[in-house]
Amino acid sequence: MSIALEHVSYVYSPGTAYEKHALKDVSFEIPQGQFVGIIGHTGSGKSTLIQHLNGLVRATSGKVLYEGKNIYDEGYNMRALRSQVGLVFQYPEYQLFEVDVLSDVCFGPKNQGLSPEECEKNAREALELVGFPEKYYKQSPFELSGGQKRRVAIAGVLAMKPKVLILDEPTAGLDPKGRDEILDQVEKLHKETGMTVILVSHSMEDIARYVERIIVMNHGEKMLDGTPKEVFRHYKELEEVGLAAPQVTYVMHDLKERGFDVSPDATTIEEAADEIMRSFRG
Amino acid sequence: MPTEMIQAEKLIYEYDKRDEEGNIIGSERAIDGVDIDVPAGSFVAILGHNGSGKSTLAKHMNAILVPTGGTMWVDGRDTKDPDELWNVRQTAGMVFQNPDNQIIGTVVEEDVGFGPENLGVSTDEIWQRVEESLKAVGMLDRRKDSPNKLSGGQKQRVAIAGVLAMEPKCIVLDEPTAMLDPNGRKEVIRAVEELRKKKNVTVILITHYMEEVIEADQVFVMDDGHIVMHGTPREIFSRVDELKSYRMDVPQVTMLAEALRKRGLNLPKGILRREELVEALCQLR
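Residues numbered from 1 in each chain as written. Chains lettered and ligands numbered in written order. Predicted model: local features only at pLDDT ≥ 70, side-chain atom pairs only at ≥ 80, totals over all residues. Heavy atoms only, no water.

**Observations regarding the overall build of chain B**
Inclusion rule: Under the DSSP-based scheme used, a helix requires at least four consecutive residues in state H or I and a strand at least two consecutive residues in state E, with every element numbered from the N terminus. Note on method: radius of gyration uses C-alpha positions; expected globular size equals 2.2 Å times residues raised to 0.38. Note on exposure labels: buried denotes an accessible area under 20% of the residue type's maximum, exposed denotes more than 50%, and partly exposed covers the range between, all computed with a 1.4 Å probe on protein chains only. The contact definition used throughout considers only heavy atoms, calling two residues in contact when any of these lie within 4.5 Å. Values of accessible area rely on a 1.4 Å probe in the Shrake-Rupley scheme; residue burial ignores everything except the protein chains shown. In this tally, Asp and Glu contribute negative charge and Lys and Arg positive charge; neither His nor the terminal groups of the chain are included. Taken as the charge location is NZ of Lys, CZ of Arg, CG of Asp or CD of Glu.
From N to C terminus, chain B includes ten helices and ten strands. Here the C-alpha atoms of chain B give a radius of gyration of 20 Å, agreeing with the 19 Å that 2.2 N^0.38 yields for 285 residues. Reported as C-alpha extents along the three principal axes, the dimensions of chain B are approximately 65 × 55 × 40 Å. The proportion of buried residues among the 285 residues of chain B is 56%. Considering only intrachain contacts with a sequence separation of at least 6, the fraction spanning at least 24 residues in chain B is 61%. Counting every atom, chain B has about 12,700 Å² of accessible surface; 44% of that belongs to carbon and sulfur. Across chain B, the 36 positively charged side chains and the 48 negatively charged ones have centroids separated by 6 Å.

**Details of the layout of surface pockets**
Over the atoms rolls a probe the size of a water molecule, and in doing so it shows where empty space is left. Applicable threshold: Computed over the protein atoms alone on a 1 Å grid, cavities are sets of points where a 1.4 Å probe fits but cannot get out and pockets are open sets with protein on both sides within 12 Å along at least five of seven lines; a residue lines them when it has an atom within 4 Å of a point. Grid points are joined across faces, edges and corners, and a volume is the space filled by probe spheres set on the points. Gly counts as polar in this scheme, as do all residues outside two lists: the nonpolar Ala, Val, Leu, Ile, Met, Phe, Trp, Tyr, Cys and Pro, and the charged Asp, Glu, Lys and Arg.
There is about 1,300 Å³ of room inside the second largest pocket. Lining the second largest pocket are 38 residues, and of these Leu144(A), Ser145(A), Gly146(A), Asn50(B) and Gly51(B) lie nearest its centre. Going through the elements one at a time, helix H5 (146-158) of chain A together with strand E1 (6-18), strand E2 (24-38) and helix H1 (54-60) of chain B are the ones with two or more residues in the lining of the second largest pocket. In terms of residue count, the dominant contributor to the lining of the second largest pocket is H1(B) (four residues). Tallied by class, residues from the lining of the second largest pocket come to eleven nonpolar, 15 polar and twelve charged.

**A few points about the side chain of Thr268(A)**
Note on placement: Thr268(A) falls in the loop between helix H10 (247-257) and helix H11 (269-281). Dropping the residues within four chain positions of it, Thr268(A) is found in contact with Ala208(A), Arg209(A) and Val248(A).

**Quick word on the sheet that holds strand E8 (residues 202-206) of chain B**
Residue and element names in this part refer to chain B. The line we're drawing: A strand pair is defined by DSSP finding two or more bridges across the two strands. What counts as an axis is a line fitted to C-alpha atoms, over the stretch in contact for a helix, and the angles between N-to-C directions run from 0 to 180 degrees.
In space, the six strands of this open sheet follow the order E6-E7-E8-E3-E9-E10, with mixed pairing throughout. At either margin of the open sheet sits one strand with a lone partner, and together these are strand E6 (92-95) and strand E10 (226-231). Recorded for the sheet is a direction-independent mean angle of 20° between the axes of neighbouring strands. Pairing geometry for strand E3 (residues 43-48) and strand E9 (residues 218-223), over five bridges, is parallel. Across the sheet, the residue bridging to Ile46 is Phe220, located in E9. Along the sheet, helix H6 (residues 182-199) contacts E3, strand E7 (170-174) and E8; its crossing angle with E8, the most-contacted strand, is approximately 155°.

**Section: the side chain of Thr202(B)**
Residues and elements named next belong to chain B. This is how it is decided: Contacts described as polar in this section are N or O atom pairs within 3.5 Å, which, within protein, must combine one atom able to donate a hydrogen with one able to accept it, while residues neighboring in sequence count only if both atoms come from side chains.
By the secondary structure assignment, Thr202 is in strand E8. Residue class for Thr202 comes out buried when judged on its relative accessible area of 0%. From its side chain, Thr202 meets the backbone nitrogen of Gly41 in a polar contact 2.8 Å long. Apart from residues lying up to four places away in sequence, Thr202 is in contact with Met5, Val38, Pro39, Ala40, Gly41, Ser42, Lys169, Cys170 and Ile171.

**Observations concerning unusual backbone geometry**
Residues and elements named next belong to chain B. Phi is positive for Asp224, close to 55°, though the residue is something other than glycine. Considering the arrangement of structural elements, one finds Asp224 in the loop between E9 and E10. Exposure remark for Asp224: the relative accessible area of 54% places this residue in the exposed category. For Arg247, which is not glycine, the phi dihedral falls at a positive 65°. Mapping Arg247 onto the fold places it in the loop between helix H8 (240-245) and helix H9 (252-262).

**Some words on the interface of chain A and chain B**
Short version of the rule: What counts as buried area is the accessible surface, traced by a 1.4 Å probe, that two parts surrender upon association, with contributions from both included. One side-chain nitrogen of Lys or Arg within 4 Å of one carboxyl oxygen of Asp or Glu is enough to make a salt bridge.
With 35 residues of chain A in contact, the opposing surface of chain B contributes 34 residues. Summed over both partners, the interface of chain A with chain B buries about 3,300 Å², with 58% contributed by carbon and sulfur atoms. Counting the contacts that link chain A with chain B gives six salt bridges. Across the salt bridge formed by Arg247(B) and Asp175(A), the nearest N and O atoms sit 3.4 Å from each other. Secondary structure elements with two or more residues in the side of chain A that touches chain B: helix H6 (176-193), helix H7 (204-210), H10 and H11 of chain A. Here the element with the most residues in the side of chain A that touches chain B is H11(A); it accounts for eight residues. Taken together, the residues of the side of chain A that touches chain B break down into 17 nonpolar, eight polar and ten charged.

**Examining the sheet that holds strand E4 (residues 61-66) of chain A**
All names here are of chain A. Taken in spatial order, the four strands of this open sheet run E2-E1-E4-E5, and their pairing is antiparallel. Only two strands of the sheet have a single partner each, and these edge strands are strand E2 (20-31) and strand E5 (69-70). Bridge count for strand E1 (residues 2-12) against E2 is eight bridges, and the pairing is antiparallel. For Val8, the partnering residue across the bridge sits in E2 and is Val26. Across the face of the sheet, helix H1 (residues 46-53) comes into contact with E1, E2 and E4 while running at roughly 125° to E1.

**Details of the domain arrangement of chain B**
Residues and elements named next belong to chain B. As a reminder of what qualifies: Where each domain starts and ends follows an automatic or database-derived domain assignment.
Partitioning chain B into structural domains gives domain 1 (6-244) and domain 2 (251-285). One C-alpha centre belongs to domain 1, the other to domain 2, and the line joining them spans 32 Å. Across the contact, ten residues belong to domain 1 and eleven residues belong to domain 2. Of the roughly 940 Å² buried between domain 1 and domain 2 on both sides combined, carbon and sulfur atoms contribute 58%. The tally of links between domain 1 and domain 2 comes to two salt bridges. Put simply, Glu276 and Arg234 hold a salt bridge, and the shortest N to O gap is 2.7 Å. Examining the composition of the side of domain 1 that touches domain 2, we find that four residues originate from one element, helix H7 (residues 233-238), more than from any other. Residue composition of the side of domain 1 that touches domain 2, by class: five nonpolar, one polar and four charged.

Rendered as structure tokens:
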């Protein structure tokens, strides 16, 4: 029960002047139920990578294994894969199109061939999972706020009951409260359903707060792979590739330099505050 | 006669709400009685949640929208006066969220030259302005490149250069970093801060990133079409609970200082920068 990449490479326009290696020999395995963050600067290959996970883009070489089966094998059921590995694109609210919220969320399950009753049941469950209020189910999705639209778009993917949920920058453009609300909801979802969650984000602070493992991409290659503490220990290397550690990690490093007896590994506000208090108590 | 670069008095912007058939069913106030003063050469940040009215306010600063009530003056010109429209637009340039929607040229320098060319500036001067503007945002070495080859942060800096080349007195940036990675965000904010120091351009920055407003002279917080908070970054970020009630946040360093205060450390309020926090902690030791 996992999703894995084995030596995956992806080349754009091979054999032409525009040939570009978007992914180079990337391998990793994500066990069912893990909450993983993917970080990397713009153009590092993150989006290409996640599109391999549900077969939207086909690797030039290498394998993608879902639950142990190579998705490139002849006769592999890609359709089934796409409903099990749900992908929420950047700015997913641009993909809303139906007359009301409930119909929009029903679109996925309808395409899976479910009966209208089942579609509605799944759609209602999905909307509940993302904390969308029932009184707006019959409203046009276009009249909602940015944060609410995004919830509807995420519910549209959840209604297909995926086992793996991939979110490409789900908080881009939202206000701080909207960011927290969406990510808290995703975390709750992860805990309650045991779903694998793969989160692509530019916010190191968010990544540090929510995920248990981080994969760092740089120029199409996997550069680092580990727990937030392990990855952010390499903050200098991260800076060289246009990333950074969370701000609190820098504070901890500064304090250590100034002679405080603290471990610089803290990556969240809670951890940092606990560690600083511990050093004050001696 | 208003003397500030941007001055709004009891500004109201009302629009019609329509049903599916297009019949007017009521009206909505996106801005409801806003007073705001931005002195020339200053750096002002506007915060507010999605839908609070901050982008609508920004669009009044270069007459994309004109007030339905009250007045907006840009460098002393009333934006409602049709005769002043082009002067207003030339005074206040705008940079938007998505860099891909703002770049039209196939070569960086052509894109930057597009604005002054439309203003009827002479060819020699256009090239001079293009060079200066690209230099100001640190993109001169990419002048011959195709914008397609640039990162998000670089494209956004080219967009800023395009506005600069029109020599505005004031630049309004509406969430210029929302779509960028951490490095891109830093590049853009650094470029904006340079502009203000070296060219004395008035800067109005609208953002959802609290870290970006630390260097501002004044911060305004909007909610439901009103200005609900106003002060220096230190004053604003000292009021953590109030900010959170407006769906805003404080910089992570300020949050950490606040968490430590709650745990009993005697730290001052309104710590914004990493160095300040480290210094304050060293004092306590």
